[in-house]
Amino acid sequence: MLKILLVSDNHGDYESISRILSDNPSCDYYFHCGDACLPPEEMKPFLVVKGNNDWGNDYPKQKIIKIKGHKILLFHGNGYTFSKKDLRYKTIEEGCDTVFYGHTHLFNDEIMDGIHLINPGSCYYNRDYTAPCYAQVFIDDDDNIFVKRVNI
């Protein structure tokens, strides 16, 4: 089974990133959905996309990643996360079946009309007053996606 570590919105908190990495030393992929607010050298091994607070860091605005039978859109989500319908349309426009996004500071794992929407929540603070968290995403041999929320 393939394992993806998915985090978002640490807002400069290196300690949470360091702890998450030490708890997950052997993943197949490491993705960050933006608002890292840290320079790229401090975010290794994560592939990081630019969030609305990532000033001065040269992260890409979005990435499209092919993993097994899935095409995944990795982006922060500002401008699209006020409506999950808009987020779904954006994912379809990019030719993807799954989206990893952040910005809302709210964990989400749902399938909307065939599009898998996954937000790891914030590893700094969540706006619904739940514990800071991240996601472990698993893809099995049949290309099924499973998401596990991990509280910090």
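The structure under discussion appears in the preceding block.
The sections below set out a description of the structure shown in this document. Note that the coordinates shown come from a computational prediction; the quantities given were computed from them, not determined experimentally. (Residues numbered from 1 in each chain as written. Predicted model: local features only at pLDDT ≥ 70, side-chain atom pairs only at ≥ 80, totals over all residues. Heavy atoms only, no water.)

**Some points on the sheet that holds strand β8 (residues 115-120)**
Pairing between the strands of a sheet comes from backbone hydrogen bonds, and it takes one of two forms, parallel or antiparallel.
Then comes step 1: On the basis of which strands lie adjacent, the open sheet formed by five strands has the order β4-β5-β6-β8-β7 and mixed pairing. Because the sheet does not close on itself, it has two edges, and the strands there are β4 (62-67) and β7 (107-112). Across the sheet, the mean angle separating the axes of adjacent strands is 15 degrees when strand polarity is ignored. (Pairing = 2+ DSSP bridges. Helix = DSSP H or I, 4+ residues; strand = E, 2+ residues; numbered from the N terminus. Axes fitted to C-alpha atoms, helices over the stretch in contact; angles between N-to-C directions.)

**Looking at the side chain of Ser16**
Then comes step 1: Mapped onto the fold, Ser16 is located in helix α1 (residues 14-23).
Then comes step 2: A distance of 3.1 Å separates a polar atom in the side chain of Ser16 from the backbone oxygen of Asp13. (Polar contact = N/O pair within 3.5 Å; in protein donor to acceptor, adjacent residues only side chain to side chain.)

**Some words on the pairing of β8**
Then comes step 1: The element β8 is extensively covered by neighbouring structure, given that six of its six residues are classed as buried.
Then comes step 2: Judged by which residues are buried, β8 turns out to be covered on both faces: Ile115, Leu117 and Asn119 on one side and His116, Ile118 and Pro120 on the other are all buried.
Then comes step 3: With three bridges connecting them, strand β6 (residues 98-100) and β8 associate as parallel partners. Bridging from a neighbouring strand, Thr98 pairs with His116 of β8. (Buried < 20%, exposed > 50% of the residue type's maximum accessible area, 1.4 Å probe, protein only.)

**With respect to helix α2 (residues 84-93)**
Then comes step 1: Listed in full, the buried residues belonging to α2 are Leu87, Arg88, Lys90 and Thr91. Considered in projection along α2, the buried side chains sweep an arc of 160 degrees and stay on one side of the axis. Residues of α2 that are exposed and angled more than 90 degrees away from the buried face: Lys85 and Glu93.
Then comes step 2: Where α2 is buried, its residues touch β4, β5 (70-75), β6, β7 and β8.
Then comes step 3: Gly95 occupies a position one or two residues after α2 and carries a positive phi of about 75 degrees. (Arc of directions from axis to C-beta. Contact = heavy atoms within 4.5 Å.)

Read these as layout, nothing more, since geometry by itself doesn't imply function.
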